[in-house]
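Coordinate inspection notes
If you want the building blocks of each chain, they are given just below.
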Amino acid sequence: RDAYVTPAREGTLRVLSAAVDAGIRRVVMTSAAATTRPPLDSGLTSDETRWADPDDPQFDNYRVSKILAERAAWKFMAGKSTEFATVLPGAVFGPVLSSENLGSVKIIGDLVAGRPRFLPRLGFWVVDVRDLADLHVTAMTAPEASGERFLAAGDFQWMEDIAATLRSGLGADGRKVPTRRLPTMLVRLLAPLSADLKPLAPLLGRKFALSSDKARRVLGFAPRPVSATILDSACSLIAAGGR
């Protein structure tokens, strides 16, 4: 855990300290939607008023590092002359600049390549990287963004939904996209044996509530249709040779 948390938290604080020392007017930090996620069985909605518990077993080390880095950032920036805001994206999809270091978009590339052969019942709140970039610019320039957190997410998509969009929209390039679901009970049994599945096991079969109303209301966030995001992701990966 420390291998994730220490560089995330200490690196964030170094950047913020340098910004304050340089007299920067405002810093916008990219955090993660997971920093607002309540306990999975709570029935509560993720929004900017909530802070996730880093000791909640639903979170892997990466998401714990996001939670603790953002907490440390807000504590450090309290009372500073430099203004501060955070943007909290869901799963970031959209056109890529290269086929390396794909992050969330690797999910799209794997599906186009026919992996996995069977689809686990996993879902994501999706945000297009282009909409996310626009939101960062607005958060940097809008007076009302200072001192605020903003969740950035469009629609929720199960992996089956993403696969269906790819198969219907890519033509021949979508022929390998899997269509059959992997039973959730079997995924739970296999998860401890897989480095990829283990951190996702708590989210199997769950669609947790999330609200990006604040970003829409305050900053005019208007995410594009998720089908366009998914297909543009796939087409750019194919063009870059990343499938």
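Residue positions are given per chain, counted from 1 along the sequence in the order it is written. In view of the model being predicted, local features appear only for residues whose pLDDT reaches at least 70, and side-chain atom pairs are presented and counted only at 80 or more, with totals across whole chains, interfaces and linings using the full set of residues. As a rule here, side-chain values come from all non-hydrogen atoms in the structure, and water together with hydrogens is ignored.

Focus on the packing of helix H1 (residues 2-21) against helix H2 (residues 61-77)
Axes here mean lines fitted to C-alpha atoms, for a helix over just the part in contact, with angles spanning 0 to 180 degrees between N-to-C directions. Strands here mean DSSP runs of E at least two residues long; helices mean DSSP runs of H or I at least four residues long; both are numbered from the N terminus. As a packed pair, H1 and H2 sit with axes 8 Å apart at the nearest point and diverge in direction by 30°. The orientation of H1 with respect to H2, classified from their angle, is roughly parallel. Every pair of crossing elements has a handedness; the one defined by H1 and H2 is right-handed. Along the contact surface, H1 presents Tyr 4, Val 5, Ala 8, Arg 9, Thr 12, Leu 13, Leu 16, Ser 17 and Val 20, while H2 presents Asn 61, Tyr 62, Val 64, Ser 65, Leu 68, Ala 69, Ala 72, Ala 73, Phe 76 and Met 77. Considered class by class, the residues forming the contact of H1 with H2 number 14 nonpolar, 4 polar and 1 charged. An angle below 35 degrees is treated as roughly parallel, one above 145 as roughly antiparallel, one from 65 to 115 as roughly perpendicular, and anything else as oblique. By definition, any crossing whose near helix is turned counterclockwise from its far helix by less than a right angle is left-handed, and any crossing with a clockwise turn is right-handed. The contact criterion used is simple: two residues touch if any of their non-hydrogen atoms lie within 4.5 Å. Three categories are distinguished: nonpolar for Ala, Val, Leu, Ile, Met, Phe, Trp, Tyr, Cys and Pro, charged for Asp, Glu, Lys and Arg, and polar for the others, with Gly belonging to the last.

Digging into the pattern of salt bridges
Opposite charge on two side chains makes pairing possible when the charged atoms of those side chains draw close. By definition, a salt bridge exists where a carboxyl oxygen of Asp or Glu is found within 4 Å of a side-chain nitrogen of Lys or Arg. Enumeration over the complete set of coordinates arrives at 15 salt bridges. The closest approach of N and O atoms between Arg 121 and Glu 160, which form a salt bridge, is 2.8 Å. Remark: Glu 160 occurs in helix H5 (residues 159-169) and Arg 121 occurs in the loop between helix H3 (106-112) and strand E4 (123-128); sequence separation between them is 39 residues. Note that Lys 214 and Glu 148 form a salt bridge whose closest N and O atoms lie 2.5 Å from each other. Here Lys 214, found in helix H7 (residues 213-219), pairs with Glu 148, found in the loop between helix H4 (129-141) and strand E5 (149-152); they are 66 residues apart in sequence, far enough to count as distant. Here's how the labels work: a residue is buried when its accessible area is under 20% of the maximum for its type, exposed when over 50%, partly exposed in between, all with a 1.4 Å probe on protein chains only. Glu 148 gets classed as partly exposed once you look at its relative accessible area, which sits at 29%.

Section: the packing of aromatic side chains
Any two rings among Phe, Tyr and Trp, with Trp reduced to its six-membered ring, count as a pair given centres within 6.5 Å; such a pair is stacked if its planes are under 30 degrees apart, edge-to-face if over 60, and tilted if neither. Under the criterion given, the structure shown has 3 aromatic pairs. Arranged with centres 4.7 Å apart and planes meeting at 70°, the rings of Trp 74 and Phe 84 form a pair that is edge-to-face. Here the residue Trp 74 occupies a position in helix H2, and Phe 84 occupies one in strand E2 (residues 83-89), the gap between them amounting to 10 residues. By relative accessible area, which is 3% here, Phe 84 ends up buried. Their ring planes at 70° and their centres at 5.5 Å tell us that Trp 125 and Phe 156 sit as a pair that is edge-to-face.

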